[in-house]
Amino acid sequence: MQVFRVLPLFILISLTTTTTITKAKRISKKGCNDTCGGILIPFPFGIGSNCFLNKWYNVDCNSSIPYLSALNNVELLSANSFGDVTVNISMTFDCENSMQNSTLVLSEESPFSVSDYENNLLVKGCGIYADVKENGSIVAGCSMICPNDTGGDRNNCFGVGCCQDTIPYYLKSFSLNRTGLERPAGDGSCGSAFFMGREYFPSAGFPRQSVDGHIIYVPITLFWYTRYTDISSNWPECKRCALKGGYCSINVDAASGVSCYIYGRSKTGVILGVSISMGLLFLSVISYALYKIIKKTKAKKRKQRFFKRNGGLLLKQQQDTDIGLVDKTILFTSKELGKATDHFNENRILGRGGQGTVYKGMLADGRIVAIKKSKVVDESQLEEFINEVVILSQVNHRNVVKLLGCCLETEVPLLVSEFIPNGTLYDLIQDESGELSVSLSMRLQIATEVAGALSYLHSATSIPIYHRDVKTTNILLDEKYRAKVSDFGTSRFVSIDQTHLTTLVKGTFGYLDPEYFQSSQFTEKSDVYSFGVVLLELLTSEKPISFTRFGENRNLATYFMLAMEEGHVMSIFDATVIKEGSSIELLAIANLAMRCLNFNGKNRPTMKEVATELEGIRLSYVPSTDQINFGHVKQHEEVLLSYGDSTSTSTSFTFGDNPSR
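Structural notes, computed from the coordinates. All values derive from a computational prediction rather than experimental measurement. (Residues numbered from 1 in each chain as written. Predicted model: local features only at pLDDT ≥ 70, side-chain atom pairs only at ≥ 80, totals over all residues. Heavy atoms only, no water.)

A closer look at the nonpolar core
Applicable threshold: Here, nonpolar core refers to any group of buried Ala, Val, Leu, Ile, Met, Phe, Trp, Tyr and Cys residues whose side-chain atoms link them within 4.5 Å. Relative accessibility decides the category of a residue: with a 1.4 Å probe and only protein chains considered, values under 20% of the type maximum give buried, values over 50% give exposed, and everything between is partly exposed. Every helix listed is a DSSP run of H or I at least four residues long, and every strand listed is a run of E at least two residues long, numbered separately from the N terminus. Contacts are assigned to residue pairs that have any heavy atoms within 4.5 Å of one another.
Counting residues in hydrophobic clusters, the biggest one holds 72 residues, and the most contacted among them are Phe531, Phe560, Val569 and Phe573. With 11 residues, helix H10 (residues 440–460) is the single largest residue contributor to this core. Contact partners of Phe560, with chain neighbours within four places excluded, come to Leu536, Val569, Ile572, Phe573, Ala590, Ala593, Met594 and Leu597. Membership of the second largest hydrophobic core comes to 45 residues, among which are Met91, Leu171, Leu176 and Val252.

This is the structure we're talking about:
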């Protein structure tokens, strides 16, 4: 007769459907109780009709104690879906009968047998021998000798007062026999033999014994299995399954309690599944490779398009014309600058302006650079932009930020210049922390250096360069606080025969030349006006536009001019400047600033004249140790000014107790 052991429930569930893995695991058939007195009752066992596989698995739940009715109503201690069930059997014996009877009846028709890997043959007593016979053949046995008629350690069965032996596989029909049943001297009981589950011995001690000593209750683990005929006789589905070359398996989630498992289909399904998986994997790899190739090709074409649109071909033409430009104008790649700035990470931003954002980066050779990313690009002025890049890359002045090169592969051009570490002049002047005191000597030095740089741009380069946005935020300070003029984003080159440059008005309020604002004609004197405002900031430490002042005084240039006209200009100077400078020196600087701010550009000095005059003041300056007290100065000073259309004006400055602001 063909038999098979039931597949574990979790395997069966995975074979029938993958979705049940995520569901709560059910151990009994749907609509059936799964416990009795706290004991789990898994399928094929069941309580009530249509809840068990067949009669052998019928469980009676009387007084909350489960019993197997097919096995003489033995008490059910535990059961699982993996082929094991533990029952509590009673065994009767007496000292005159060598045969030991049990309530456990395991017929050939039943699916149960004594589990060899869960039970042992246990024999207790002294001077006795017990064996197990199957069909007349001894299959297990053991004997004990108790020295000096002692019972030995019965909680640890080591052969002294107790012995044990393994039993064969699938033991169904058996008999227990004992010999040497005489009561040993000094021992008040006779020996006994029984099967017992290993998990209950020796920790649980010897089995419970009845009052008269002739009955013992033993927990024993049985192995159960289902036969094909047991299933097919109850479910027609299994007959149809057999015709298809498969077999039935118990499945608690199936409506009938069984499922048909066909080897051929399973094998084909596995092969098909593996083939599909490998095919999908191969397609995924190919698709990813094609995606990367296409993406790389598109990126390359996009870079070429940007390079052409940003004037790269014009730059190449100029480099071919002038070989000296090859080494001076460096073309950086977008990949190189992306790596230098950590892909233009927000943490690398040095500052934002109207023209774009400046990032700090480190090139592959270790150089620290500043990378300016413009906001927009005007394609109509690409030729001018390329000319600016070419000429600025050749500018070599110690007080002008060096342009190292550019990148034309991106949507907007990127300009790469040297990195200046100590921030802007604006930050230095407006620093409220007071960590660094800006002396008059330092202010004069910075003013002289800025004037010299602008003078160089206006007159010393091959083509004059107008900055057009001179202000303290565009003046950087290096590690020794030397001035560096930067940000030529709005600068323009002027041919020698041009007297002015007509453009849309661009600039920063507070620094904007009034004449340029009215005429839209930018000249070199427009840069002079903006520098005059910078000079005022150095003298007063005031902002070019301040809402703490009222009316027309909000503009620093107007505020200064009114103070000059009213004769109390010294009252608006910074305290450090007043403390360290003499009135003659300070009024000379004020007079120079007044000339730079003249409404008529023709009456303003050139940047070369400004630089020369500032250099003279700086060289003649001797730091003063005396402080000027505005409350006690009672003298008048005459200052020669060049203001408005007049060539000279004598203005009297009175230092009283209440200077007008």
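Here the narrative resumes.
Here's the deal with the packing of aromatic side chains
Basically, it comes down to this: Each Phe, Tyr or Trp ring, with Trp reduced to its six-membered ring, pairs with another whose centre is within 6.5 Å; inter-plane angles below 30 degrees give stacked pairs, above 60 give edge-to-face pairs, and intermediate values give tilted ones. Here, a charge over a ring means that NZ of Lys or CZ of Arg falls within 6 Å of the ring centre while also lying within 35 degrees of the ring normal.
Counting across every chain of the model gives 8 aromatic pairs. Ring centres of Phe45 and Trp224 lie 5.8 Å apart, and the angle between their planes is 90°; this geometry places the pair in the edge-to-face category. Of this pair, Phe45 sits in the loop between strand E3 (39–40) and strand E4 (59–62) while Trp224 sits in strand E17 (residues 215–224), and the two are 179 residues apart along the sequence. Seen from their ring centres, Tyr57 and Phe112 are 5.8 Å apart, and the 55° between their planes marks the pair as tilted. Separated by 55 residues along the polypeptide, Tyr57 in the loop between E3 and E4 and Phe112 in strand E9 (residues 112–114) bring together distant segments of the chain. In this structure, Tyr57 and Phe112 share a single accessibility class: buried. Pairwise contacts between aromatic rings join Phe45, Tyr57, Phe112 and Trp224 into one cluster. One residue, Arg305, lies across the ring of Phe306, its end atom 5.5 Å from the ring centre. The ring of Phe344 carries the charged tip of Lys373 above its face, separated from the ring centre by 4.8 Å.

With respect to a negative patch on the surface
Defined as follows: Put simply, a patch holds well-exposed residues, over 30% relative accessible area, that have no salt bridge, with like charges counted together within 9 Å and Val, Leu, Ile, Met, Phe, Trp or Tyr side chains within 5 Å. The method behind every accessible area is Shrake-Rupley, applied with a 1.4 Å probe, and residues are considered shielded solely by the protein chains displayed. By convention in these notes, a salt bridge is any Lys or Arg side-chain nitrogen within 4 Å of a carboxyl oxygen on Asp or Glu. His is not counted here, nor are the chain ends, while Lys and Arg score as positive and Asp and Glu score as negative. Each charge is placed at NZ for Lys, CZ for Arg, CG for Asp and CD for Glu.
A cluster of acidic residues, Asp427, Asp431, Glu432 and Glu435, forms a negative patch on the protein surface. For Glu432, the location among the structural elements is in the loop between helix H9 (425–429) and H10. Given the relative accessible area of 79%, Glu432 is considered exposed.

Structural notes on the layout of surface pockets
Empty space left among the atoms is revealed by rolling a probe the size of a water molecule over them. Which entries qualify depends on this criterion: Of the two site types, the cavity is a set of points on a 1 Å grid over the protein atoms alone where a 1.4 Å probe fits but cannot get out, and the pocket is an open set with protein on both sides within 12 Å along at least five of seven lines, each lined by residues with an atom within 4 Å of a point. Grid points are joined across faces, edges and corners, and a volume is the space filled by probe spheres set on the points. Any residue that is not Ala, Val, Leu, Ile, Met, Phe, Trp, Tyr, Cys, Pro, Asp, Glu, Lys or Arg is counted as polar, Gly included; the first ten are nonpolar and the last four charged.
The calculated volume of the second largest pocket comes to roughly 410 Å³. Considering the residues around the second largest pocket, the lining is formed by 17 residues, among which Arg302, Lys303, Ser334, Lys335 and Thr410 are closest to the centre. Going through the elements one at a time, helix H4 (263–309) and helix H7 (334–340) are the ones with two or more residues in the lining of the second largest pocket. Counting residues per element, the lining of the second largest pocket draws most heavily on H4, which supplies 6 residues. Residue classes in the lining of the second largest pocket are distributed as 4 nonpolar, 4 polar and 9 charged.

A short note on the side chain of Asn58
One can find Asn58 in the loop between E3 and E4. Since its relative accessible area comes to 16%, Asn58 is described here as buried. Residue contacts for Asn58: discarding those within four places in its chain leaves Gly46, Gly48, Phe52, Tyr67, Leu68 and Ser69.

A word on a positive patch on the surface
A grouping of Lys292, Lys295, Lys296, Lys300, Arg302, Lys303, Arg305, Lys335 and Lys339 is seen on the molecular surface, where their side chains present a positively charged patch. Among the elements of the structure, H4 and H7 are those that each provide at least two residues to the positive patch. When residues in the positive patch are grouped by element, the largest group, 7 residues, is from H4. For Lys303, the position within the fold is in helix H4.

Details of the sheet that holds strand E10 (residues 119–124)
Keep this limit in mind: Pairing between strands is defined by DSSP: at least two bridges between them are needed. Axis lines are fitted through C-alpha atoms, for helices just across the contact stretch, and the angle between N-to-C directions can take any value from 0 to 180 degrees.
Taken in spatial order, the 3 strands line up as E13-E10-E15 in an open sheet, and their pairing is antiparallel. With partners counted over all chains shown, the strands left at the sheet margins are strand E13 (162–165) and strand E15 (192–197), one partner each. Between one strand axis and the next, the sheet turns by 25° as a mean value, whatever way the strands run. Bridge count between E10 and E13: 4 bridges; the pairing is antiparallel. Bridging from a neighbouring strand, Leu121 pairs with Asp165 of E13.

Let's talk about the packing of helix H15 (residues 583–596) against helix H16 (residues 607–620)
What counts here: Should an angle lie under 35 degrees it is considered roughly parallel, over 145 roughly antiparallel, and from 65 to 115 roughly perpendicular; all remaining angles are considered oblique.
For the pair H15 and H16, the least separation of the axes is 11 Å and the interaxial angle reads 170°. It follows from the interaxial angle that H15 and H16 lie roughly antiparallel. Packed against H15, whose contacting residues are Glu585, Ala588, Ile589, Leu592, Arg595 and Cys596, the element H16 presents Val610, Glu613, Leu614, Ile617 and Ser620 at the interface. Split by residue class, the contact of H15 with H16 holds 7 nonpolar, 1 polar and 3 charged.

Points about the state of the cysteines
The test is simple: Any cysteine sulfur atom paired with another within 2.5 Å is treated as part of a disulfide.
Scanning the entire structure with this criterion turns up 3 disulfides. Cys32 shares a disulfide with Cys51; S-S distance 2.0 Å. Classification of the bridge connecting Cys32 and Cys51 rests on its S-S torsion, roughly -85°, and on that basis the disulfide is left-handed. Of the two residues, Cys32 is situated in the loop between helix H1 (9–16) and strand E2 (35–36) and Cys51 in the loop between E3 and E4; the sequence distance between them amounts to 19 residues. Each member of the pair, Cys32 as well as Cys51, carries the same accessibility label: buried. Between the sulfur atoms of Cys36 and its disulfide partner Cys61 the distance amounts to 1.9 Å. Because the sign of the S-S torsion sets the handedness, a value of about 95° for the bond joining Cys36 and Cys61 places this disulfide among the right-handed ones.

What to know about the pairing of strand E12 (residues 137–143)
Bridge analysis of strand E11 (residues 129–134) against E12 gives 6 bridges, and the strand direction is antiparallel. Bridge pairing links Tyr129 to Ser143 in E12. Hairpin remark: E11 followed by E12, antiparallel, with 2 residues in the connecting loop; positive phi at Asn135, about 55°.

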